[in-house]
Amino acid sequence: MKDAGCDMEIITKICRLYADGQVNDAVKILRRHRCHLIEQLHESQSKVDCLDFLVRQMEKRKARGR
């Protein structure tokens with residue numbers, strides 16, 4: 001779980017729930033964390049897209065001799 005970006009608080013909570021037989025609740029937390037990571041991924045992709053756009057614009061201007 002640590003490799004998946006879970007902090008110790010989440011890891012402890014999931015382990016406790018799992019040990020207590022509350023597997024569904026543990027899975028819900030893992031799914032919530034997954035959604036959070038996907039949101040971060042999309043935000044990062046958006047930033048990369050903006051940078052790509054800026055690079056293309058600068059290269060176009062350079063090619064036109066400006």
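Structure first, text after, so check above.
Presented here is a report on the structure given in the accompanying data block.

**Thoughts on the packing of helix 1 (residues 8-19) against helix 2 (residues 23-63)**
And step 1. Where helix 1 contacts helix 2, the axes come no closer than 7 Å and their chain directions differ by 155°. Considered as vectors, helix 1 and helix 2 are oriented roughly antiparallel to each other. In this structure, the crossing between helix 1 and helix 2 has a hand that is left-handed. From helix 1, Ile-10, Lys-13, Ile-14, Leu-17 and Tyr-18 reach across to helix 2, where they touch Val-23, Asp-25, Ala-26, Ile-29, Leu-30 and His-33.

**Some words on the side chain of His-33**
And step 1. Among the structural elements, His-33 can be located in helix 2.
And step 2. Of note is the side chain of His-33, whose polar atom sits 3.1 Å from the backbone oxygen of Ala-4.
And step 3. Setting aside anything within four residues of it in sequence, one finds His-33 in contact with Ala-4, Gly-5, Cys-6 and Ile-10.

Calculation rules
Residues numbered from 1 in each chain as written. Predicted model: local features only at pLDDT ≥ 70, side-chain atom pairs only at ≥ 80, totals over all residues. Heavy atoms only, no water. Axes fitted to C-alpha atoms, helices over the stretch in contact; angles between N-to-C directions. Helix = DSSP H or I, 4+ residues; strand = E, 2+ residues; numbered from the N terminus. Parallel < 35°, antiparallel > 145°, perpendicular 65-115°, else oblique. Left-handed = near helix turned anticlockwise from the far one by under 90°. Contact = heavy atoms within 4.5 Å. Polar contact = N/O pair within 3.5 Å; in protein donor to acceptor, adjacent residues only side chain to side chain.

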